[in-house]
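Structural features, examined
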Amino acid sequence: MGNSMIQFRNKSLWVHDIYMESIIFFVLKVLNEKIKRNEIEVGHLNWITSYVDDLQKLFYGASDGALDLEFDRLEENPYCFSLVKAALISMYALLNAVDMELSKHQFDLLAGLEFGIYANWDEPLQSKELAQKIGDVLDFVAQIDPIN
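Residues numbered from 1 in each chain as written. Predicted model: local features only at pLDDT ≥ 70, side-chain atom pairs only at ≥ 80, totals over all residues. Heavy atoms only, no water.

1. A few points about the pattern of salt bridges
- Inspection of the entire model under this criterion finds six salt bridges.
- When the shortest N-O distance is used, the salt bridge between Arg73 and Asp54 registers 2.9 Å. With Arg73 in helix α3 (residues 71-75) and Asp54 in helix α2 (residues 45-60), the pair connects residues that are 19 residues apart, well separated along the chain.
- Via salt bridges that share partners, Glu33, Lys34, Arg37 and Glu39 belong to a single interconnected network. (Salt bridge = Lys/Arg side-chain N within 4 Å of Asp/Glu carboxyl O. Helix = DSSP H or I, 4+ residues; strand = E, 2+ residues; numbered from the N terminus.)

2. Focus: the pairing of strand β2 (residues 11-16)
- Note: strand β1 (residues 3-8) against β2, six bridges, orientation antiparallel. Bridge pairing links Phe8 to Lys11 in β2.
- A loop of two residues connects β1 with β2, the two strands running antiparallel in sequence, and Arg9 in this loop sits at a positive phi of about 50°. (Pairing = 2+ DSSP bridges.)

What follows is the structure, given as structure tokens:
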């Protein structure tokens, strides 16, 4: 597996695909749950639904180096940007609070999502290690856009 490049305002952060797959998985889970529970403001529902659909297509057919949360696209809609950032923050807090191994098969039990055809990692991830990678993504965004 390779590394994916997260781009935001002409800056980039390289993140190994093992972590990007997991991060995107959890973002999809959180956003899909918010959509199902009608927790998205009506004026933003079509936008966030389109974003989730596109992210899910990328996730299902993921290939090395192609995973991205599309922060530049999210910046077009500050409300949706804040939803994704809040999802990342909550994921960071949850994963950092526990010390356990996570396998991709455990993820498949959540939300009916399965990893894409190129998801070939088999070794479990440590929750705190994944939390640190999420923290790196949050720090990257904060350095570029401290307001969001």
